[in-house]
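Spelled out from the first residue to the last, the chains are:
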Amino acid sequence: MKRKINLDLIREKRLKLGYSNEEMANCLGLASPEKYFRREHGTYKFQAGELPALSKKLEIPLEKIFA
């Protein structure tokens, strides 16, 4: 069963905490802020290995990241 990532929650939490796309890209080891932006907006999918760092940075329990 595939689980969908709650992109709205991720975006809302990032904005609430005041993190830029650049800060998030650095946290996930991405080459540019645009690569993070594309993931957050659903153009590309977050990779499984990126989810623990995303969860920690945004203070969201890993299981809550999924819709």
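The structure under discussion appears in the preceding block.
Residues numbered from 1 in each chain as written. Predicted model: local features only at pLDDT ≥ 70, side-chain atom pairs only at ≥ 80, totals over all residues. Heavy atoms only, no water.

1. Brief notes about helix α2 (residues 21-28)
Buried within α2 are the following residues: Asn21, Met24, Ala25 and Leu28. Buried residues along α2 cover an arc of 100° about the axis, so they all sit on one side. Looking at α2, the residues exposed on the side facing more than 90 degrees away from the buried face are Glu22 and Asn26. Where α2 is buried, its residues touch α1 (7-17), α3 (33-40) and α4 (51-58). Just past α2, the residue Gly29 takes up positive phi, approximately 75°. (Buried < 20%, exposed > 50% of the residue type's maximum accessible area, 1.4 Å probe, protein only. Helix = DSSP H or I, 4+ residues; strand = E, 2+ residues; numbered from the N terminus. Arc of directions from axis to C-beta. Contact = heavy atoms within 4.5 Å.)

2. Some points on the environment of Leu28
For Leu28, the position within the fold is in helix α2. By relative accessible area, which is 11% here, Leu28 ends up buried. Each C-alpha atom of the pair Leu28 and Leu7 lies 16 Å from the other, and the pair is 21 residues apart in sequence. Every residue in contact with Leu28, bar those within four places of it in the chain, is listed here: Tyr36, Phe46, Glu50, Ala53 and Leu54.

3. Quick notes on the side chain of Glu50
Secondary-structure assignment places Glu50 in the loop between α3 and α4. A relative accessible area of 9% means that Glu50 is categorised as buried. Once you skip the residues sitting within four places of it in the chain, Glu50 turns out to touch Leu28, Leu30 and Arg39.

4. Comments concerning the environment of Leu9
Residue placement: Leu9 occurs in helix α1. On the basis of relative accessible area, Leu9 is assigned to the partly exposed category, the value being 26%. Expressed as a C-alpha distance, the spacing of Leu9 and Leu58, which sit 49 residues apart in the sequence, is 9.8 Å. When near neighbours in sequence (up to four residues on either side) are disregarded, Leu9 contacts Ile60 and Lys64.

5. Thoughts on the packing of α2 against α4
In the contact formed by α2 and α4, the axes pass within 9 Å of each other and the chain directions differ by 135°. On the basis of the axis angle, α2 is oblique to α4. Like other packed secondary-structure pairs, α2 and α4 cross with a definite hand, here right-handed. Two secondary-structure elements touch here, α2 through Met24, Cys27 and Leu28 and α4 through Ala53, Leu54, Lys57 and Leu58. Each residue belonging to the contact of α2 with α4 can be placed in one class, and the counts come to 6 nonpolar, no polar and 1 charged. (Axes fitted to C-alpha atoms, helices over the stretch in contact; angles between N-to-C directions. Parallel < 35°, antiparallel > 145°, perpendicular 65-115°, else oblique. Left-handed = near helix turned anticlockwise from the far one by under 90°. Nonpolar A, V, L, I, M, F, W, Y, C, P; charged D, E, K, R; others polar.)

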